[in-house]
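Residues per chain are reported as follows:
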Amino acid sequence: MRKMILSAVILSFLFLPVLSGCESKQMKEENAKLKQQVDSLNQDKMDMQAQASQMAAKLDEQQKTNATLEKANADLNAKVTELQKKASKAAAKPAAKKKR
């Protein structure tokens, strides 16, 4: 019985480093996969940041264009109002002359 226990203890000491080595290899492989995933996520993050900066630049450009168009629209509305006033004054003058 003692021989069996002693042989079991010796065998466990012999196979313990082998088993831990396998676990270490698996952990290394898993770490390598995780590093690849982190690298791909970092690349995706950089790509998204580049897209966000491009979108911000486009937004600024469109806001400037919008401001320019709004100013032009306000100018045109002022001209239309001015022309309508002139047209109403011009229409009122002939009507006043007909009443005499």
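Scope of this entry: the structure provided in the associated data block. Please read these numbers as outputs of a predicted model, since none were measured by experiment. (Residues numbered from 1 in each chain as written. Predicted model: local features only at pLDDT ≥ 70, side-chain atom pairs only at ≥ 80, totals over all residues. Heavy atoms only, no water.)

A separate point is the overall build of the protein. A count of helical and extended segments in the protein gives 1 helix and 0 strands. The buried share of the protein, taken over its 100 residues, is 0%. About 9800 Å² of surface is accessible on the protein, with carbon and sulfur atoms providing 62% of the total. (Helix = DSSP H or I, 4+ residues; strand = E, 2+ residues; numbered from the N terminus. Buried < 20%, exposed > 50% of the residue type's maximum accessible area, 1.4 Å probe, protein only. Areas by Shrake-Rupley, 256 points an atom, 1.4 Å probe, with all protein chains shown as cover.)

Take the pattern of salt bridges next. Here the structure, examined in full by the defined rule, presents 2 salt bridges. Between Glu82 and Lys86 there is a salt bridge, with its nearest N and O atoms 3.5 Å apart. Here Lys86 and Glu82 lie together in helix H1 (residues 2-98), a separation of 4 residues that amounts to about one turn. (Salt bridge = Lys/Arg side-chain N within 4 Å of Asp/Glu carboxyl O.)

Before going further, it helps to examine a nonpolar patch on the surface. Judged by side-chain polarity, Leu6, Ile10, Leu11 and Leu14 come together as a nonpolar surface patch covering roughly 390 Å² of accessible area. Examined against the element boundaries, Leu11 turns out to sit in helix H1. For Leu11, a relative accessible area of 44% corresponds to the partly exposed category. (Patch = residues over 30% accessible without salt bridge, like charges linked within 9 Å, V, L, I, M, F, W, Y side chains within 5 Å.)

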